[in-house]
Amino acid sequence: MSDHPPQPEATLMNDQSLIAEADRRAALYAASASTRPPYPDVTAIEGLTTFEEPFPSTGRPDRETLALLDDVGSPATAVTTGPRYYGYVVGGVLPAAAAAERLVLAWDQRASTHTSSPVAAVIERQAGRWVLDALDLPRQSAVGFGTSATACTIACLSAARRSLLARHGWDWDMNGAAGAPPVRVVASATIHVAVAKALRILGFGLRHVIPAPVDPFGLVDPAQLPELDAGTILCLQAGEVNTGAFDPFDRRRHRHAHRRFGGRLPGGAMR
């Protein structure tokens, strides 16, 4: 082994070669998605014990690590991109989206502000406009892209509580929860687990969440909707997880409530 550090050119060539090898393995995996079983067999799952090892004193070589991920990890995947996967409510990535992700991974942006990544800020803002157009929401609405249904619901319930309390003259940012006016939450009796988790994290307490009765398809029944007042957050579902049914957002009573406080949209977003 040479005592001299690798030259920048050599390092760049090695990095590019490694990325090319990852692309090659990814392409082979993608090409096999239609023939792979939708869920790994027992042998593949048992093979995952290969990853269970003591903390190493030195790291593995790059290519060895990549090969380990592919050789042991790929057979143990749930093939969400395949034509026979129907697990949960997740969908497979489209080729165009996968290719775009490959490019933005190379960008490696810190997409928190326009200063840290102008391109990320502009693309996200435009995508937000399209979301408002597609869902016909008020065009002045704020749009954010979260990492999960739970994360999005936490953000939206937080915003709903903050806005609601501000209408009662309570500054949440300065005063916090201590002494704040009570906030009620009305949610579907078939409340999604992500909403329940978010309510627990935010300190609402599930005991204080009032269930809205539903029909056999999981739709909130407007005739049985609990009374809503100025201290209530109403959570509605656009796509009940078991039936896909949409709560009746177009009913007058619901429209007033969800515009003021929030109704759950696909992926946990709320309006």
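Relevant structure appears above.
Residues numbered from 1 in each chain as written. Predicted model: local features only at pLDDT ≥ 70, side-chain atom pairs only at ≥ 80, totals over all residues. Heavy atoms only, no water.

Caption draft 1: Main features of the sheet that holds strand β2 (residues 209–212). Sheet architecture is open: three strands sit in the order β2-β1-β3, paired in parallel fashion. Two strands close off the open sheet at either side, each with one partner strand: β2 and β3 (232–235). Averaged over all neighbouring strand pairs, the angle between strand axes comes to 25°, with direction disregarded. Alignment of strand β1 (residues 184–188) against β3, held across four bridges, turns out to be parallel. Of the residues in β3, the one forming a bridge with Val186 is Leu234. (Pairing = 2+ DSSP bridges. Helix = DSSP H or I, 4+ residues; strand = E, 2+ residues; numbered from the N terminus. Axes fitted to C-alpha atoms, helices over the stretch in contact; angles between N-to-C directions.)

Caption draft 2: Broad picture of the pattern of salt bridges. Applying the stated criterion across every chain yields a total of 11 salt bridges. Between Arg25 and Glu21 there is a salt bridge, with the nearest N and O atoms lying 3.0 Å from each other. Taken together, the residues span about one helical turn, with Arg25 and Glu21 both in helix α1 (residues 8–31) at a distance of four residues. Each member of the pair, Arg25 as well as Glu21, carries the same accessibility label: buried. Residue Asp71 pairs with Arg25 through a salt bridge whose shortest N-O separation is 3.4 Å. Taken together, the residues span a long stretch of sequence, with Asp71 in helix α3 (residues 62–73) and Arg25 in helix α1 at a distance of 46 residues. On the basis of relative accessible area, Arg25 is assigned to the buried category, the value being 16%. (Salt bridge = Lys/Arg side-chain N within 4 Å of Asp/Glu carboxyl O. Buried < 20%, exposed > 50% of the residue type's maximum accessible area, 1.4 Å probe, protein only.)

Caption draft 3: Local environment of the pairing of β2. Sheet topology places β1 next to β2; four bridges connect them, and they run parallel. Each bridged residue has a counterpart across the sheet, and for Val185 the counterpart in β2 is Val209. Once you follow β1 into helix α8 (residues 193–201) and on to β2, the crossover reads as right-handed. (Right-handed = clockwise from strand over helix to strand, strands pointing away.)

Caption draft 4: The arrangement of the layout of surface pockets in detail. What the second largest pocket holds in volume is close to 490 Å³. Taken together, 14 residues form the lining of the second largest pocket, with Ala26, Ala30, Ala98, Glu101 and Arg102 sitting closest to its centre. Elements with a minimum of two residues in the lining of the second largest pocket: α1 and α4 (95–107). In terms of residues, the lining of the second largest pocket owes the most to one element, α1, which gives six residues. Counted by class, the lining of the second largest pocket contains 10 nonpolar, one polar and three charged residues. (1 Å grid on protein atoms, 1.4 Å probe; cavity = no way out; pocket = protein on both sides within 12 Å on 5 of 7 lines; lining within 4 Å. Points joined across faces, edges and corners; volume = space filled by probe spheres on them. Nonpolar A, V, L, I, M, F, W, Y, C, P; charged D, E, K, R; others polar.)

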